[in-house]
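Spelled out from the first residue to the last, the chains are:
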Amino acid sequence: SRELLDAGAGKPAKLAVIGHPIAHSASPKMHQAALDAFGMDLRYIRLDIEPGQVGEAFSRMRALGFIGCNVTVPHKLEAMENCEVHPDAMALGAVNTIRFDQDATRGFNTDGPGFEQAVRNEFEVELSSLATAIFGAGGGAGQAIATQACLRGIARLLLVNRTAEKLGPLVERLRLISPRTEITAISFGDPQLAGHCLGSDLIVNTSSVGLKADDPSILPVNCLRKDHLVYDTIYQPAVTPLLALANAAGCRTTNGLSMLINQGALAFQHWFPGTEPLPHMTRALRAE
Ligand code: ATR
């Protein structure tokens, strides 16, 4: 990624993504593209921060006049302890975007809202209107999407996880956010799985199944019907086994690139309100 390092060379670093490890983050590429497109004389860098050092990193960035940063694995929880957390990010229990304001360090989460906007852009429908089934709901992305769905008060939510017991605390949290949402939490082996799936409008894979070349589809073909909307949060490969199966079944499908880009665009807008970075970020990542 020589080209990446050179992208903002010579400009002052005022934005960053922090994580550990951080080498493979796509964030610098899309944020630098937007900064450059708007003629902003700023550089977005990656910072490898050790666990336990997040507060210190924030202090240093503040001292250097940073505008903000993105926060990725494994720091999304530790970041919360070192900022003023927005209520929606508090409901989710994780922060992915920091803004260094004069009076405070503020934390937001754009993963859930990024997914909601991706659904709107790709499927031309509101998440709030869709009975949603989430596969791999125990992971970080699954929790972000489930939380967003409940913040929007969706009518029905199906959570599926290999280990269903893991879902207990999540379900409790979701019930507090949206008491009227009908929430079902099951494991893959549940005999009701197909029935519950067929009763959903939107199928989402948030598990890591599909990343590896020989992975199977996360859900069996008898769980799909052709008017399902199918979203896979994986974007490499662009067509996962689930998406291939869903395409063959005649479903409308899309991969996780739109969520990645939209969460990035929403973060950028926390730093620079009123801008429209989405097209620039889309071009930067789709050009790969
Ligand atoms: P994150 O980084 O998003 O938190 P994770 O903790 O690795 O991701 O988990 C992602 C999801 O993929 C989890 O729901 C995990 O299921 P478990 O909670 O049962 O571990 C799911 N997952 C990973 N490998 C899986 C597999 N082979 N079959 C089914 N689900 C799997």
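Counting starts from 1 at the beginning of each chain's written sequence and moves along it residue by residue. Thresholds applied to this predicted model are a pLDDT of at least 70 for local features of residues and 80 or more for the giving and counting of side-chain atom pairs; totals over whole chains, interfaces and linings are not thresholded and use all residues.

As recorded in an unreviewed UniProt entry, the protein goes by the name Shikimate dehydrogenase (NADP(+)), listed as coming from Luteolibacter yonseiensis. UniProt positions are given in the numbering used here, feature names are shortened, and annotations may be inferred rather than shown by experiment. Reading the Pathway (unreviewed entry) entry of the UniProt record for the protein gives the comment "Metabolic intermediate biosynthesis; chorismate biosynthesis; chorismate from D-erythrose 4-phosphate and phosphoenolpyruvate: step 4/7." According to UniProt, the comment filed for the protein under the heading Function (unreviewed entry) is "Involved in the biosynthesis of the chorismate, which leads to the biosynthesis of aromatic amino acids. Catalyzes the reversible NADPH linked reduction of 3-dehydroshikimate (DHSA) to yield shikimate (SA)."

J.: Lay out the environment of Arg62 in plain terms, naming residues and giving numbers.
T.: By the secondary structure assignment, Arg62 is in helix H3 (residues 54-63). Look at Arg62 and you get partly exposed, because 13 C-beta atoms sit within 10 Å. In this structure, the C-alpha to C-alpha distance between Arg62 and Ile177, residues 115 residues apart in sequence, is 33 Å. Any residue pair is listed as a contact if its two C-beta atoms, each placed from the backbone, are within 7 Å. Ignoring any residue separated from it by four or fewer positions in sequence, one finds Arg62 in contact with Phe100 and Thr105. Comment: elements are numbered from the N terminus, with helices defined as DSSP H or I runs of at least four residues and strands as E runs of at least two. Counting other C-beta atoms within 10 Å of each residue's C-beta, where C-beta atoms are placed from the backbone, gives the exposure class: buried for 20 or more, exposed for 12 or fewer, partly exposed between.

J.: Give me the site of the ligand: which residues, what numbers.
T.: In this text, near has one meaning. A residue is near a molecule or strand if its C-beta atom, placed using the backbone, is within 6 Å of it. Neighbouring the ligand are 14 residues; Gly138, Gly139, Gly140, Arg162 and Ser207 lie closest to it. The residue classification treats Ala, Val, Leu, Ile, Met, Phe, Trp, Tyr, Cys and Pro as nonpolar and Asp, Glu, Lys and Arg as charged. All others, Gly included, are polar. Considering only residue class, the shell around the ligand consists of three nonpolar, nine polar and two charged.

J.: Which residues make up the packing of helix H2 (residues 27-37) against helix H11 (residues 278-286), and what are the values?
T.: Note on geometry: axes are lines fitted to C-alpha atoms, helical ones only across the stretch in contact, with angles between N-to-C directions running from 0 to 180 degrees. Interhelical geometry of H2 versus H11 gives an angle of 130° and a closest axis separation of 8 Å. By the angle class used here, H2 and H11 are oblique. Crossing handedness for the pair H2 and H11: right-handed. Contact residues: H2 offers Lys29, Met30, Ala33, Ala34 and Ala37, while H11 offers His280, Met281, Arg283, Ala284 and Leu285. For the contact of H2 with H11, the residue count by class is seven nonpolar, one polar and two charged. By definition in this entry, angles of less than 35 degrees are roughly parallel, angles greater than 145 are roughly antiparallel, angles of 65 to 115 are roughly perpendicular, and the rest are oblique. Crossing handedness is defined as follows: a turn of the near helix away from the far one that is anticlockwise and smaller than a right angle gives a left-handed crossing, while the clockwise case is right-handed.

J.: Report on the domain arrangement of the protein, specifying residues and quantitative values.
T.: All domain edges in this entry derive from an automatic or database-based domain assignment. What the domain assignment lists for the protein is domain 1 (2-109) and domain 2 (112-258). Distance between the C-alpha centres of domain 1 and domain 2: 28 Å. Across the boundary between the two partners, domain 1 contributes six residues, which contact seven residues of domain 2.

J.: Any details on the sheet that holds strand E10 (residues 202-205)? Residues and values, ideally.
T.: A sheet is described by the order of its strands in space; here six strands give the open sequence E9-E8-E7-E10-E11-E12, paired in parallel fashion. Only two strands of the sheet have a single neighbouring strand rather than two, namely strand E9 (182-186) and strand E12 (252-255). With strand direction ignored, the average angle separating the axes of adjacent strands in the sheet is 15°. Where strand E8 (residues 156-160) and E9 come together, five bridges link them in parallel fashion. Paired with Val160 across the bridge in E9 is Ile186. Should DSSP find at least two bridges between two strands, the strands are taken to pair.

J.: Explain the sheet that holds strand E4 (residues 84-85) to me, using residue names and the numbers behind them.
T.: Overall, mixed pairing links the six strands, which are arranged E2-E1-E3-E5-E6-E4 in an open sheet. The outermost strands of the open sheet, each flanked by one partner alone, are strand E2 (43-48) and E4. Across four bridges, the pairing between strand E1 (residues 13-19) and strand E3 (residues 68-71) is parallel. In the strand pairing of E3, Ala16 is matched with Cys69.

J.: I'd like a description of the packing of helix H5 (residues 111-123) against helix H10 (residues 257-271), backed by residues and values.
T.: Taken N-terminus to C-terminus, the directions of H5 and H10 make an angle of 120°; their axes are 7 Å apart at the nearest point. One way to sum up the angle between H5 and H10 is to call them oblique. Crossing hand, H5 versus H10: right-handed. For the pair H5 and H10, the contacting residues are Asp111, Pro113, Gly114, Phe115, Gln117, Ala118, Asn121 and Glu122 in the first and Ser258, Met259, Asn262, Gln263 and Leu266 in the second. In terms of residue class, the contact of H5 with H10 is built from five nonpolar, six polar and two charged.

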